Amino acid sequence: MGLEIERKFLVVGESWKKSVSRRIHFRQGYLCGNRHASIRVRVTDEDARLNIKSATLGVEREEFEYSIPPEEARRMLEALCEGPLIEKTRHFVEHQGHVWEVDVFEGRNEGLIVAEIELTASDEVFERPDWVGEEVSHDPRYYNTSLVKHPFSEW
């Protein structure tokens, strides 16, 4: 993967739901996180992955991702990851040539809905759908690593 360029926004309203092309459920946890990077285990109905991402704030971060055996990933989630685990359903929504990923969180982060868009350049121009609200790309509270330690329900 290498460099990930992603912007994150809060979602307002429910009009995005009528444009969902597919959805996938995630369970994920963090093996470690420090001021340099985080290491995440993610399990879906389709596969399991190990993800290493730089801990820098902003829209550009280094990211590396690797497939791992699902049973091993589930064991890591249960035995090695800090709790609570992040559980969410990701909805894929196409809008004006981009695919938006709308994450609806569950458990201790229930009520939080964010939309992410991956870009090819940090200054890439894109059209924001009417259901996209405040940008939170630079707010560390909305990073999944932060939601483990400070769940949305406790804000």
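Scroll up for the structure.
To continue, consider the layout of surface pockets. To find leftover empty space, a probe the size of one water molecule is rolled over the atoms. Estimates place the volume of the largest pocket at around 800 Å³. Looking at the largest pocket, it is lined by 41 residues, and the ones nearest its centre are Arg 40, Arg 42, Asn 51, Lys 53 and Glu 63. Only strand 1 (2–11), strand 2 (20–33), strand 3 (37–43), strand 4 (48–54), strand 5 (60–67), strand 6 (82–95), strand 8 (113–118) and helix 2 (144–149) provide two or more residues apiece to the lining of the largest pocket. When the residues that make up the lining of the largest pocket are grouped by side-chain class, the tally is 12 nonpolar, nine polar and 20 charged.

What follows covers the side chain of Lys 88. By secondary structure assignment, the location of Lys 88 is in strand 6. A distance of 3.1 Å separates the side chain of Lys 88 from the side chain of Asp 103, its partner in a polar contact. If we ignore the near neighbours within four places in the chain, the residues touching Lys 88 are Ile 24, His 25, Phe 26, Gln 28, Arg 42, Asp 103, Val 104, Phe 105, Glu 106 and Asn 144.

Take the pattern of salt bridges next. Enumeration according to the criterion identifies 18 salt bridges in this entry. Where Glu 65 meets Arg 40, a salt bridge forms, and the shortest distance between an N and an O atom there is 3.3 Å. Here Glu 65, found in strand 5, pairs with Arg 40, found in strand 3; they are 25 residues apart in sequence, far enough to count as distant. The partner of Glu 154 in a salt bridge is Arg 108, and the shortest N-O contact between them spans 2.1 Å. Residue Glu 154 is located in the segment after helix 2, and its partner Arg 108 is located in the loop between strand 7 (98–105) and strand 8; the two are separated by 46 residues in the primary sequence. Relative accessible area serves as the criterion here: at 48%, Glu 154 is assigned to the partly exposed category. Judged by relative accessible area, Arg 108 falls into the partly exposed class, the value being 39%. Where salt bridges share partners, they join Lys 8, Lys 88, Arg 90, Glu 101, Asp 103 and Glu 116 into one cluster.

How each quantity is defined
Residues numbered from 1 in each chain as written. Predicted model: local features only at pLDDT ≥ 70, side-chain atom pairs only at ≥ 80, totals over all residues. Heavy atoms only, no water. 1 Å grid on protein atoms, 1.4 Å probe; cavity = no way out; pocket = protein on both sides within 12 Å on 5 of 7 lines; lining within 4 Å. Points joined across faces, edges and corners; volume = space filled by probe spheres on them. Helix = DSSP H or I, 4+ residues; strand = E, 2+ residues; numbered from the N terminus. Nonpolar A, V, L, I, M, F, W, Y, C, P; charged D, E, K, R; others polar. Polar contact = N/O pair within 3.5 Å; in protein donor to acceptor, adjacent residues only side chain to side chain. Contact = heavy atoms within 4.5 Å. Salt bridge = Lys/Arg side-chain N within 4 Å of Asp/Glu carboxyl O. Buried < 20%, exposed > 50% of the residue type's maximum accessible area, 1.4 Å probe, protein only.

By themselves, these are just geometric observations and shouldn't be taken as functional.
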